[in-house]
Amino acid sequence: MKHIDIRDIMENGAYVGQEATVCGWVRTARDSKNMAFLALNDGTTLNHLQIVVDKATLEMPVAATHLGSALKVVGTVVPAMNGGGVEINAVSIEVLGDCPADYPLQKKFQKLETLREIPHIRVRTNTFNAVLRIRSIMAAALHRYFQENHYTYINTPLLTGSDCEGAGEVFQVTTIGYNTEYKNAEEYYANDFFGKRAGLSVSGQLEGEVAAMGLGKIYTFGPSFRAENSNTPRHVAEFWHIEPEVAFAELPDIIEIAEDMIKYVIRDVMEKCPDELAFFEQRFEKGLREKLQSVVDNDFAIVDYTTAIDQLKASGVKFEYPVEWGLDLQTEHERYITEEIYKKPVFLTNYPKDIKAFYMKQNPDGKTVAATDLLVPGVGEIIGCSEREADYDKLVSAMEARGMNLDDYKDYLDLRKFGSVPHSGFGLGFERIIMYVTGMSNIRDVILYPRTVGNIR
Ligand code: 4AD
């Protein structure tokens, strides 16, 4: 269907005075005796193109004023009558698809909760138009960042026989349903597709490390799956995960990379999506653009876990969960650190080894590991990061201490046997950084189809 993107018409002055064909959905319609004004949107921009219909010269189909109707309009592009920009004086209107009155988007503003019930329709709102375009721009920026810096893009398996680090969080994959004819679990799994228990990957890290030991710098960008029973505004069961893995990098090096990457992506969104950011600032987060500018302009804080515990204790705040060295931080603590104490992104480093994963490099103090989480105001943790334990014996002892089956990790241990090097990596939750950049406060509103406990369509 030959037509011009509404974005091109609105951004490129060259169309003024020309006849053009546009397609789109009717967002608002004002109809009077002699004239009609239709706001058309085709999804290429947040802005609507005004279609002006002079009823004396054009017989307008009735359905053209129905909210949500799909139209093909031919007309002359002219400077807009009020304000800047352009509009189209229609010479013909074809209704491609009528939209009856039970179309759910009749009101100008709908609650986000209500829209979650209609994921197939909510993409037609300004909010989701903006969220999904920013998501796309950010994905491209992340790829560009890594490609420009000589990282190789790796696709790690989604079906896995090991559970990486996620005890109890793995979705099981099976081709045989419940069946009482098997004597025990062992026999059941032996008869299943892979001949052993299999699941969906919670992280591509272990395979990413394999790739980094040959390619030096790699990154993954794909879905991870977690069967966490946490019904929070920050968790989904299927999220998109960016995981770089870098050989010859220690913790300070990977922290530098993570900060550089975040700033690159934010700069790119600020340059490419000014309309969307203005929209989010107006609707969802006051001061959003100033916040993003300040992230780009300033260094992130780097704070030791032990220091943070002392600061939380000294704060005098009554937290719901206890604050004690050795305990994991809860969202309320993370948010206090980044929102109240530092008021900017914070890399929290050197966590107690017992609350972190087996593969993290053990610090000389024997108590902590070279790990860091990046915490940001409003969202909390967006990155989990560490230097990896590169010493074979230390890694084996950490695994044994956790009762892990070493046979399942033979490949991984081999990496420490054959030319082991210091190396580090991190996982960035794509939806979490989109929340931070857009000011959207619920992760369910930054992904097309959120999967959460008890919710799959
Ligand atoms: O901190 P996590 O669990 O780290 C790992 O998976 C490491 N293997 C990463 C690595 O070193 N390669 O997860 C990394 C990030 C979190 O900081 C968070 O942003 C995101 O993944 N994440 C989730 N996002 C949405 N919903 C969930 N259920 C998430 N779980 C983790």
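Residues numbered from 1 in each chain as written. Predicted model: local features only at pLDDT ≥ 70, side-chain atom pairs only at ≥ 80, totals over all residues. Heavy atoms only, no water.

**Examining the site of the ligand**
For step 1, the next point in the chain: Near the ligand you find 23 residues, and of these Gln205, Arg226, Glu228, Glu243 and Glu381 are the closest.
For step 2, the next point in the chain: Taking arginine 226, its side chain carries an N or O atom lying 2.7 Å from an oxygen atom of the ligand.
For step 3, the next point in the chain: A distance of 3.3 Å separates a nitrogen atom of the ligand from a polar backbone atom of phenylalanine 426.
For step 4, the next point in the chain: Residue assignment for the shell around the ligand shows that the elements contributing at least two residues are strand S11 (238–247), strand S15 (380–387) and strand S16 (423–429).
For step 5, the next point in the chain: For the shell around the ligand, the per-class residue count stands at 7 nonpolar, 8 polar and 8 charged. (Near = heavy atom within 4 Å. Polar contact = N/O pair within 3.5 Å; in protein donor to acceptor, adjacent residues only side chain to side chain. Helix = DSSP H or I, 4+ residues; strand = E, 2+ residues; numbered from the N terminus. Nonpolar A, V, L, I, M, F, W, Y, C, P; charged D, E, K, R; others polar.)

**Describing helix H4 (residues 126–148)**
For step 1, the next point in the chain: In this model H4 runs 32 Å from its N-terminal to its C-terminal C-alpha over 23 residues, within 8% of the 33 Å that 1.5 Å per residue would give.
For step 2, the next point in the chain: Once H4 ends, the next one or two residues include histidine 150, with phi positive near 70°. (Expected span 1.5 Å × (residues − 1).)

**Some remarks on the packing of aromatic side chains**
Aromatic ring pairs are defined here through the distance separating the ring centres and the angle between the ring planes.
For step 1, the next point in the chain: Inspection of every chain in the model, using the stated rule, returns 20 aromatic pairs.
For step 2, the next point in the chain: Seen in terms of ring centroids, phenylalanine 146 and tyrosine 151 are 4.9 Å apart; in terms of plane orientation they differ by 65°. Their pairing is edge-to-face. With respect to burial, phenylalanine 146 and tyrosine 151 carry one shared label: buried.
For step 3, the next point in the chain: On the basis of an interplanar angle of 40° and a centroid distance of 5.4 Å, the ring pair of tyrosine 305 and tyrosine 351 is categorised as tilted. Taken as a pair, tyrosine 305 in helix H10 (residues 305–314) and tyrosine 351 in the loop between strand S13 (346–349) and strand S14 (371–376) lie far apart in primary sequence, 46 residues in all.
For step 4, the next point in the chain: Geometry around tyrosine 351 places lysine 356 over its ring, the cationic atom sitting 4.2 Å from the centre.
For step 5, the next point in the chain: It is arginine 416 that lies over the ring of tyrosine 412; its NZ or CZ is 4.2 Å from the centre. (Phe/Tyr/Trp six-rings, centres within 6.5 Å; stacked < 30°, edge-to-face > 60°. Buried < 20%, exposed > 50% of the residue type's maximum accessible area, 1.4 Å probe, protein only. Lys NZ or Arg CZ within 6 Å of the ring centre and 35° of its normal.)

**Notes on the pattern of salt bridges**
For step 1, the next point in the chain: For the coordinates displayed, the defined rule picks out 20 salt bridges.
For step 2, the next point in the chain: One salt bridge in this structure joins arginine 122 and aspartate 445, with 3.4 Å as the shortest N-O distance. Here arginine 122 is found in helix H3 (residues 119–122), whereas its partner aspartate 445 is found in the segment after helix H14 (430–438), with 323 residues between them in sequence. One exposure class covers both arginine 122 and aspartate 445, and it is buried. (Salt bridge = Lys/Arg side-chain N within 4 Å of Asp/Glu carboxyl O.)

**Here's the deal with the packing of H4 against helix H8 (residues 274–283)**
Helix-helix packing is described using two parameters, namely the angle between the two axes and the distance between the axes.
For step 1, the next point in the chain: Where H4 meets H8, the closest approach of the two axes is 10 Å, and the angle between their N-to-C directions is 130°. As far as their axial angle goes, H8 and H4 are oblique. The element H4 and its partner H8 pack so that their crossing is left-handed. Across the interface between the two elements, Asn126, Thr127, Ala130, Val131, Arg133 and Ile134 from H4 touch Glu276, Leu277, Phe279, Phe280 and Arg283 from H8. (Axes fitted to C-alpha atoms, helices over the stretch in contact; angles between N-to-C directions. Parallel < 35°, antiparallel > 145°, perpendicular 65-115°, else oblique. Left-handed = near helix turned anticlockwise from the far one by under 90°. Contact = heavy atoms within 4.5 Å.)

**Focus on the packing of H4 against H14**
For step 1, the next point in the chain: Where H4 meets H14, the closest approach of the two axes is 11 Å, and the angle between their N-to-C directions is 120°. Considering their axes alone, H4 and H14 lie oblique with respect to each other. You can see that H4 and H14 cross each other, and the crossing is right-handed. Taken together, the residues of H14 that come into contact with H4 (itself represented by Ile134, Arg135, Met138, Ala139 and Leu142) are Phe430, Glu431, Ile433, Ile434, Val437 and Thr438.
For step 2, the next point in the chain: A per-class count over the contact of H4 with H14 returns 8 nonpolar, 1 polar and 2 charged.

**Some remarks on the environment of asparagine 89**
For step 1, the next point in the chain: Within the secondary structure, asparagine 89 is located in strand S5 (residues 86–97).
For step 2, the next point in the chain: Linking asparagine 89 and isoleucine 51, residues 38 residues apart in sequence, is a C-alpha distance of 6.1 Å.
For step 3, the next point in the chain: Dropping the residues within four chain positions of it, asparagine 89 is found in contact with Val52, Val74, Gly75, Thr76 and Val78.

**Regarding the environment of glycine 439**
For step 1, the next point in the chain: With respect to the element layout, glycine 439 can be found in the segment after H14.
For step 2, the next point in the chain: Residue class for glycine 439 comes out buried when judged on its relative accessible area of 14%.
For step 3, the next point in the chain: For glycine 439 and leucine 374, which are 65 residues apart along the polypeptide, the C-alpha to C-alpha distance reads 17 Å.
For step 4, the next point in the chain: When near neighbours in sequence (up to four residues on either side) are disregarded, glycine 439 contacts Phe284, Glu285, Leu288 and Ile434.

**So, the sheet that holds strand S4 (residues 70–79)**
For step 1, the next point in the chain: Taken together, 5 strands build a closed barrel; the order of strands is S1-S2-S3-S5-S4 and the barrel is mixed. Strand-to-strand twist in this sheet, taken as the mean axis angle between neighbours without regard to direction, amounts to 55°.
For step 2, the next point in the chain: Direction of pairing for strand S1 (residues 19–31) relative to strand S2 (residues 35–41): antiparallel, over a ladder of 6 bridges. Bridge pairing in S2 links alanine 29 to leucine 38. (Pairing = 2+ DSSP bridges.)

**Comments concerning the sheet that holds strand S9 (residues 198–200)**
For step 1, the next point in the chain: Read from one edge of the open sheet, 3 strands run S7-S9-S8, paired in antiparallel fashion. Every other strand in the sheet has two partners, leaving strand S7 (159–160) and strand S8 (172–173) as the edge strands with one partner each.
For step 2, the next point in the chain: Both S7 and S9 contribute to a ladder of 2 bridges, which runs antiparallel. For leucine 159, the partnering residue across the bridge sits in S9 and is leucine 200.

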